[in-house]
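Chain and residue survey
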Amino acid sequence: MRKIQLILFIFFAVRSVDAQQTSGSIIYEEKIKLQINVDGEAPSDMPALPKEQVNIKKLDFTSDVSLYFNDGITAPTDIEQQSDAGVIRIKMDRPDEKSYCEIDKGIVTEQREFMTRKFLVITELSKNEWKLTGKQKMIADYPCQEATRTESDRKISVWFTPNIPVRSGPGRFAGLPGMVLEVNINNDDILITAKEIKFGEVDASKIEKPKEGKKVTWEEFDKIRTEKMKEMQDQNGGNGNVMIKIRK
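Here the structure is a predicted model, which is why all the values come from computation and not from measurement.

Reading the values: rules and limits
- Residues numbered from 1 in each chain as written.
- Predicted model: local features only at pLDDT ≥ 70, side-chain atom pairs only at ≥ 80, totals over all residues.
- Heavy atoms only, no water.
- Helix = DSSP H or I, 4+ residues; strand = E, 2+ residues; numbered from the N terminus.
- Buried < 20%, exposed > 50% of the residue type's maximum accessible area, 1.4 Å probe, protein only.
- Contact = heavy atoms within 4.5 Å.
- Areas by Shrake-Rupley, 256 points an atom, 1.4 Å probe, with all protein chains shown as cover.
- Phe/Tyr/Trp six-rings, centres within 6.5 Å; stacked < 30°, edge-to-face > 60°.
- Lys NZ or Arg CZ within 6 Å of the ring centre and 35° of its normal.

**Comments concerning the overall build of the protein**
- For the protein, the count of helices and strands is two helices and 16 strands.
- Scored against the burial criterion, the 248 residues of the protein give a buried share of 39%.
- Within the protein, counting contacts between residues at least 6 apart in sequence, those at least 24 apart form 59% of the total.
- Accessible surface computed for the protein: about 15000 Å², of which carbon and sulfur atoms make up 49%.

In C-alpha cells:
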C-alpha cells in the first residue's frame, strides 16, 4: 500500500508542475535589420549608423488569453551628433503596439501603428497553414520544434515547445501545439527570441483586448502597408530603404 501511495504522490506532483506552466510571462528580444542609405556626400565625422533596432517585449499569458506588448525595459535608440553637415538626428520610436490572443477562440487582435494611423488587425489562427520540418533545437532551456509557412512572399519560421502547453506566442505567431519561443522572418530580417520565462499566476483582468484603431484583416492591413511602402519607394527613386539626406 505504501508503494501505491508513493506512486500517486509523484503523479499528482507532476500534474501540479504542469498546471503551473500554463500561466506566467515571457520576455522576448526583437531584432529588426535596418538598411539606411545616405543621400548626398556623407561627412567624415558622421556617426556610425545602426544596423538593427532592438526592442524588448513581454508576453503575459494564461491558458485562455495572452497579451504581447512593449515592456518598457529599453528606451528607443536615438542618435544626435554635430557634424560638418550640421546636426544629424536618427530617431527610432517604438509605437504602442500590442497583440491580444483569445486562445480558446483562435483569434488574435493586434493594435498596429503605421504612418501615424492605428489599426486593429484581426487574424484567425485556424487559417494559418504551418508545416513541421522535423528540425529541433533548444531555446531558453526548452526543446523546440520548427514549423514554417509563407506569408506575402515572406518566409516565416517559428520554433515552439510542447513543454509549455499553451497555444500562444509573440503577436499573431500562435495556434501551434505549444508556446512559440522564436520567430524568424526572411532569414533574420526580423528575429524574435525568448530570453526569460517565468511561471506563476497572472492577473487575467490586466490582459486587456486593445480597442484603438480601424478593424481590418491581416490581408487588408498588409495591402495598405504594401501600397504605402511602394509610394515611398517611388518618391525615393525606387529604393525602399530608410534614407538620410545630408544638407549643409
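**Observations regarding the packing of aromatic side chains**
- The final tally for this structure, using the stated rule, is four aromatic pairs.
- Judged by centre distance (5.6 Å) and plane angle (85 degrees), the rings of tyrosine 28 and tyrosine 68 are edge-to-face. Residue tyrosine 28 is found in strand E1 (residues 24-33), and its partner tyrosine 68 is found in strand E4 (residues 65-70); the two are separated by 40 residues along the sequence.
- Residue classification places tyrosine 68 among the buried positions, given a relative accessible area of 5%.
- Between tryptophan 218 and phenylalanine 221 the ring centres are 5.7 Å apart and the planes differ by 45 degrees, which places this aromatic pair in the tilted class. Remark: phenylalanine 221 and tryptophan 218 occur in helix H2 (residues 218-235); sequence separation between them is three residues, near one turn of the helix. Of the two residues, tryptophan 218 and phenylalanine 221, both sit in the buried class.
- Linked through ring pairs, Phe119, Trp218 and Phe221 together constitute an aromatic cluster.
- The aromatic ring of tryptophan 159 is capped on one face by lysine 137, whose charged end is 4.7 Å from the ring centroid.
- A cation sits over an aromatic face here: arginine 172 above tryptophan 218, 3.6 Å from the ring centre.

Limitation: the analysis is restricted to geometry and does not speak to function.
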